[in-house]
Amino acid sequence: MPIHVIVEGKNDRSKLKRLVGPEINILCTFGTLNSLKLETLRKQVGYDEVYLFMDNDSSGKKIRGVLRDAFPDAVQMYTRRGYAGVEGTPDEYIISQLEKAGLEEYIQYPDEPSY
């Protein structure tokens, strides 16, 4: 069954895309949600598994609230306050959130730096 992670913007999506396999479909809200965008997301997701990964700021919280209503079964993932959104969150922290959400098998671990 396809898995979708909904993020806010394309920078969040590219950050996440580097850390998960191609089996994970990353969708963007591109900022505020209107009913058309919400309907489009609903159609894209259908009855598949959904994860919400929003920035920990006021607009991210607003978007999460709307999406939580639209996708009540979605798994919530969080960045830490103080990080510059999902795109500014360190890889290790995003990986820990993916692991916590049960998505270990899809994580593409970055190569350890070689010395």
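Remember, it's a predicted structure, so these values are computed and weren't measured experimentally.

## Some thoughts on unusual backbone geometry
Point 1. The backbone of F30 shows a phi angle near 50 degrees, a positive value even though the residue is not glycine.
Point 2. Within the secondary structure layout, F30 lies in the loop between β2 (24-28) and α2 (35-45).
Point 3. Residue F30 is classed as partly exposed on the basis of its relative accessible area, which comes to 48%.

## Quick notes on the UniProt feature "domain: Toprim" (unreviewed entry) in the protein
Point 1. As annotated by UniProt and renumbered to match this structure, "domain: Toprim" (unreviewed entry) occupies residues 2-86.
Point 2. End-to-end, the C-alpha atoms of residues 2-86 are 22 Å apart, and along that stretch the chain is 38% helix and 24% strand.

## Quick look at the sheet that holds strand β4 (residues 75-78)
Point 1. Taken in spatial order, the 4 strands line up as β2-β1-β3-β4 in an open sheet, and their pairing is parallel. Every other strand in the sheet has two partners, leaving β2 and β4 as the edge strands with one partner each. Each adjacent strand pair in this sheet contributes to an overall mean axis angle of 25 degrees, direction not counted.
Point 2. Contacting β1 (3-7), β3 (49-54) and β4, helix α3 (residues 58-70) runs over the sheet at an angle of about 165 degrees to β3.

## Things to note about the environment of R13
Point 1. The residue R13 is located in helix α1 (residues 10-17) in this model.
Point 2. The spacing of R13 and C28 is 15 residues in sequence and 7.1 Å in space, taken between C-alpha atoms.
Point 3. When residues no more than four places from it in sequence are discounted, the contact partners of R13 are V7, I26, C28 and F30.

Cut-offs applied
Residues numbered from 1 in each chain as written. Predicted model: local features only at pLDDT ≥ 70, side-chain atom pairs only at ≥ 80, totals over all residues. Heavy atoms only, no water. Helix = DSSP H or I, 4+ residues; strand = E, 2+ residues; numbered from the N terminus. Buried < 20%, exposed > 50% of the residue type's maximum accessible area, 1.4 Å probe, protein only. UniProt positions renumbered as here; feature names shortened; annotations may be inferred. Pairing = 2+ DSSP bridges. Axes fitted to C-alpha atoms, helices over the stretch in contact; angles between N-to-C directions. Contact = heavy atoms within 4.5 Å.

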